[in-house]
Amino acid sequence: MLYQERSERIMAKISVIGAGTWGTALAILLHGNGNQVTIWSALPGEVEELNSTRVHRNLPKAKIPSEIEITGDLKSAMEERDLLVLAVPSVFVRSTARRMREFLRPGQIVVNVAKGIEEDTLKTLTEIIEEELPGVQVAALSGPSHAEEVSLGLPTTCVAAAHKRHVAEYVQGLFMSRIFRVYTSPDLKGVELGGSLKNVIALAAGMADGLGFGDNTKAALITRGIAEIGRLGIEMGGRAETFAGLTGIGDLIVTCASMHSRNRRAGILMGQGHTMEEAMKEVNMVVEGVHSAKAALALSRRYGVSMPIVEQVNAVLFDGQPARESVTELMLRDKRIENAGMDWEAD
């Protein structure tokens, strides 16, 4: 399916800060919606290559329209912009936001599209942005959305979350199109936690695939994984409805099931016996779940929430435990009821 023709909507001036696959796919989407779009990259070689080829090497079927400016000049990329889309990997959000501070105008809207939790501080990415960019109006765009499919105009649905309704609705209006449906949500915390923690569960799903396990195992990991995410998310202030929606179970399903998922691919390699370092090198892209796993475990302990899948993923990643042994540990846990809040009839 080819990308939709450029629309006649009123234009906004938008810069995408980060030229990875997701940033590039969203730039193509926003251009197709009639906006004036700039892509910024911190890497001079990347700027040169994208300007020369007009194709991202990891999105070979998607042409970057000639009207999209690609630059390494952060100041020019940020001047007089209606919206800034922060699309760098989670581990670079703080350092990039710090670089942006010098050129930020008061009340600037910044929408974060990365997914992760900072390992040292256990902050969500929008919390980092608000800390580094005082006075910013922040939002998050999240959901089951692979860059490979969005760049080609395949139907996709996401959620724009923000503290203020008008910010979420503004982001919704700029991104929404015939092939990209956007809902809004006031649950910024829940949306970000769902998007971050699902990457850890996807590593486990990939490990199960690498071990040669079947659909039963995958279904168990997805359903018990969303139970873990929901327990922690609600304890941290997120809403149960969020974890039952697009940015919870929806994002978890697509990340655990698709070969577009770098987290699943890395997990497959680890299930086949590769180390975490070997798997990340083979995938050759940022594997967000590896960076979020320690943070997820630390949060589970801080809030007193049981997260056995997250514990076992950490054991494989950082303690050298074989993936097959982790599956055995999960299967042989103590007997328990599936939903502890339910009551039995009297015997």
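Calculation rules
- Residues numbered from 1 in each chain as written.
- Predicted model: local features only at pLDDT ≥ 70, side-chain atom pairs only at ≥ 80, totals over all residues.
- Heavy atoms only, no water.
- Axes fitted to C-alpha atoms, helices over the stretch in contact; angles between N-to-C directions.
- Helix = DSSP H or I, 4+ residues; strand = E, 2+ residues; numbered from the N terminus.
- Parallel < 35°, antiparallel > 145°, perpendicular 65-115°, else oblique.
- Left-handed = near helix turned anticlockwise from the far one by under 90°.
- Contact = heavy atoms within 4.5 Å.
- Nonpolar A, V, L, I, M, F, W, Y, C, P; charged D, E, K, R; others polar.
- Salt bridge = Lys/Arg side-chain N within 4 Å of Asp/Glu carboxyl O.
- Buried < 20%, exposed > 50% of the residue type's maximum accessible area, 1.4 Å probe, protein only.
- UniProt positions renumbered as here; feature names shortened; annotations may be inferred.
- Polar contact = N/O pair within 3.5 Å; in protein donor to acceptor, adjacent residues only side chain to side chain.
- Domains from an automatic or database assignment.
- Buried area = accessible area lost by both parts, 1.4 Å probe.

Another aspect to go through is the packing of helix 8 (residues 188–210) against helix 15 (residues 308–318). With their axes 9 Å apart at the nearest point, helix 8 and helix 15 run at an angle of 70° to one another. On the basis of their axis angle, the class for helix 8 and helix 15 is roughly perpendicular. Where helix 8 crosses over helix 15, the two elements pack in a sense that is left-handed. Of the residues in helix 15, those touching helix 8 at Val200, Ile201, Leu203, Ala204 and Met207 are Ile309, Val310, Val313, Val316 and Leu317. The class makeup of the residues in the contact of helix 8 with helix 15 is ten nonpolar, no polar and no charged.

Here the focus is the pattern of salt bridges. Applying the stated rule across the entire model yields 14 salt bridges. Across the pair Glu132 and Arg98 runs a salt bridge whose closest N-O atoms are separated by 2.7 Å. In this pair, Glu132 sits in helix 5 (residues 125–132) while Arg98 sits in helix 4 (residues 93–100), placing the two residues 34 residues apart along the sequence. The class for Glu132 is buried, based on a relative accessible area of 4%. Classification of Arg98 as partly exposed rests on a relative accessible area of 46%. Note that Lys115 and Asp251 form a salt bridge whose closest N and O atoms lie 2.7 Å from each other. A residue pair is termed long-range when its members are at least 10 positions apart, and Lys115 in the loop between strand 5 (109–112) and helix 5 and Asp251 in helix 11 (residues 246–257) qualify at 136 residues.

Cross-referencing UniProt, the feature "binding site: sn-glycerol 3-phosphate" (unreviewed entry) maps to Lys115, Gly143, Ser145, Lys198, Asp251, Ser261, Arg262 and Asn263 in the present numbering. With respect to the helices and strands, the residue Arg262 is situated in helix 12 (residues 262–271). Polar contacts involving the side chain of Asn263 include one to the side chain of Asn199, which spans 3.0 Å.

According to the domain assignment, the protein contains domain 1 (13–186) and domain 2 (195–332). Between domain 1 and domain 2, the C-alpha centre-to-centre distance is 25 Å. Every contact between the two is made by 22 residues of domain 1 and, on the other side, 24 residues of domain 2. Contact between domain 1 and domain 2 buries roughly 1900 Å² in total, counting both sides, with carbon and sulfur atoms accounting for 65%. Interface area lost by domain 1 to domain 2 is led by Ile117, Leu122 and His146, which between them contribute 31%. Inspection of the domain 1/domain 2 interface yields one salt bridge. At the level of secondary structure, the elements contributing two or more residues to the side of domain 1 that touches domain 2 comprise helix 6 (147–150) and strand 7 (156–162). When residues in the side of domain 1 that touches domain 2 are grouped by element, the largest group, three residues, is from strand 7. For the side of domain 1 that touches domain 2, a count of residues per class yields eight nonpolar, nine polar and five charged.

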